[in-house]
Amino acid sequence: MQQDLNRVIEQVSKEKGIDKAILISALENAMISAAKKTFGHQRKIEAQFNPEIGEVELFEAKTVVDQLQDAATEIMLNEARENLDPDAEVGDELLCKLDTSMFGRIAAQAAKQNIVQRVRDAEREIIYNEFKGREGQLVNGIVQRFEKRNIIVNLGRTDAILPEKEQVPRERYRQGDRIRAYIVSVEITSRGPQIILSRTHPGMLIQLFAQEVPEIYEGIVEVKGAAREPGGRAKIAVISHDADVDPVGACVGMKGTRVQAVVQELRGEKIDIVHWIADQAEYVCRALAPAKVSKIIIDDDDHTMEVIVPDDQLSLAIGKKGQNVRLASRLTGWRIDVRGEAEFDEETRRARQSIGAIPSIGDFAAELLYQEGFKSAEDIADSELGEIQDVEGISKEKAEALHKSAKLYVEEKRAKEAEAAAAAAASAAATAAMNPAAETAPESES
């Protein structure tokens, strides 16, 4: 029996990966709990595991007194000197060994439950600590079962959850299939560690390339960002810290072997590899590839880029259902508005014509205002005076005159438009009054 307890501690420690000290502490606490159920909770009981005899020894602490008031916690001086310590004095606290053979079935069952719970808690904490440091990494597992639309994945020592929203729409799995996923988060719950996996996270694309491309693993090539529409298309931006290494070529690999390995893992998801560059305008152009860009207008305040492309490249730049421009926007962090050259030229013509219609504006001032982002006379009239004064090349006095002139012009224009609208409405009403049969005809026919 003594050898069995030592052997059990050793075996559980190896199988569960739990420190022996934790198991011994669980045994000692369980024995104390069982002893108090047997002898009473008011007793001062301590436990200590003796590895030499393979047994948890129980001791009861009693205070030496000359007049006994509580037999459960006190001991007479003469009895203490006779049985425990010949040098005992009043006030000393002495330990006397308890007989564990008196434990009942209920106390033994309570001790067993305590040990099982402590071992389970320790195991959960070990698993949590193991996976907590692996957030953002890939993990391999086996499809264990399905709960509603979530997939439970067996990772060996524990299970993980692949929620429905983290699954690629067209992918289907059966029980027993091997699966590779990205660890999104690891949380501790009352039921143990909860590991959330994903097959749609952009980080999975980055980690797959890191596994396939040694230059990324070694830090020669750096991934600057990634964007995905899972199951459809993805974009990844890379840069090389070595002038002799082409980052795009390194990711593609010889005859496309590296990128094809990633595509195969993602079940045919198309991947665009973009060479990252610090110039944001050039970066956006590259992100919109394979479309060619004619012109870019940048609005730093709104963090927006207006991208002008040839008309025959417009559908290519936008992509199927806007996919290409959406991915480029996510990858670069800029809001991108793609437009064709014909539409842009027509809008430019109308804007210049509208601004040029302001009395005494001059061609030079009109062009400066247009280049600054004003698209019509209404824009100038409705803007603050300070915005016009900030335009380089226009003096403060000129800005005031232009602002005032634009306001008067727009007011007159709006008044004329209102008069024209009222006249048209009156004409329509008069026509309807003169031809009442035209309105009632449909009713009579019906």
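Structure first, text after, so check above.
Reference entry: report on the structure contained in this document. Model, not experiment: these values are computed from the prediction.

### Examining the pattern of salt bridges
At step 1: Counted according to the given criterion, the structure contains 22 salt bridges.
At step 2: Between Arg199 and Glu171 there is a salt bridge, with the nearest N and O atoms lying 2.7 Å from each other. With Arg199 in the loop between strand S9 (192-198) and helix H5 (202-212) and Glu171 in the loop between strand S7 (159-162) and strand S8 (178-189), the pair connects residues that are 28 residues apart, well separated along the chain. When sorted by exposure, Arg199 lands in the same class as Glu171, which is buried.
At step 3: Across the pair Arg339 and Glu343 runs a salt bridge whose closest N-O atoms are separated by 3.3 Å.
At step 4: Exposure remark for Arg339: the relative accessible area of 9% places this residue in the buried category.
At step 5: Glu343 sits in the partly exposed class, given a relative accessible area of 46%.
At step 6: Here the residues in one salt-bridge network are Glu306, Arg339, Glu343 and Glu347, joined through shared partners.

### Examining a positive patch on the surface
At step 1: A surface patch of positive charge is lined by Arg170, Lys270, Lys320 and Lys321.
At step 2: Structurally, Arg170 can be placed in the loop between S7 and S8.

### Structural notes on the sheet that holds strand S12 (residues 270-275)
At step 1: Pairing within the open sheet is mixed, and its three strands lie in the order S10-S11-S12. At either margin of the open sheet sits one strand with a lone partner, and together these are strand S10 (221-229) and S12. Here the strands of the sheet are splayed against their neighbours by 20 degrees on average, with no regard to which way each runs.
At step 2: Two elements, S10 and strand S11 (residues 233-240), share eight bridges in a ladder whose sense is antiparallel. By the bridge assignment for S11, Val223 is matched with Val238.
At step 3: Strand contacts of H5: S10, S11 and S12, with the helix running at about 140 degrees to S10, the strand carrying the most contacts.
At step 4: Helix H9 (residues 280-287) rests against S11 and S12 of the sheet, and its axis sits at about 155 degrees to S12.

### Structural notes on the sheet that holds strand S13 (residues 295-299)
Strand pairing in a sheet relies on backbone hydrogen bonds, with the paired strands running either antiparallel or parallel.
At step 1: Across the sheet, three strands lie side by side as S13-S14-S15; this open sheet has mixed pairing. With one partner strand each, in any of the chains shown, S13 and strand S15 (335-340) form the two edges of the open sheet. Ignoring which end each strand starts from, the neighbouring axes of this sheet average 20 degrees apart.
At step 2: Sheet topology places S13 next to strand S14 (residues 304-309); five bridges connect them, and they run antiparallel. Opposite Ile296, over in S14, you have Val307 as the bridge partner.

### Here's the deal with the packing of aromatic side chains
At step 1: Throughout the structure, instances matching the rule amount to one aromatic pair.
At step 2: Sitting above the plane of the Trp276 ring, Lys224 keeps its charged end 4.5 Å from the centroid.

Rules used in this analysis
Residues numbered from 1 in each chain as written. Predicted model: local features only at pLDDT ≥ 70, side-chain atom pairs only at ≥ 80, totals over all residues. Heavy atoms only, no water. Salt bridge = Lys/Arg side-chain N within 4 Å of Asp/Glu carboxyl O. Helix = DSSP H or I, 4+ residues; strand = E, 2+ residues; numbered from the N terminus. Buried < 20%, exposed > 50% of the residue type's maximum accessible area, 1.4 Å probe, protein only. Patch = residues over 30% accessible without salt bridge, like charges linked within 9 Å, V, L, I, M, F, W, Y side chains within 5 Å. Areas by Shrake-Rupley, 256 points an atom, 1.4 Å probe, with all protein chains shown as cover. Lys, Arg positive; Asp, Glu negative; His and termini not counted. Charge placed at Lys NZ, Arg CZ, Asp CG, Glu CD. Pairing = 2+ DSSP bridges. Axes fitted to C-alpha atoms, helices over the stretch in contact; angles between N-to-C directions. Contact = heavy atoms within 4.5 Å. Phe/Tyr/Trp six-rings, centres within 6.5 Å; stacked < 30°, edge-to-face > 60°. Lys NZ or Arg CZ within 6 Å of the ring centre and 35° of its normal.

That's the geometry; what it means functionally is another story.
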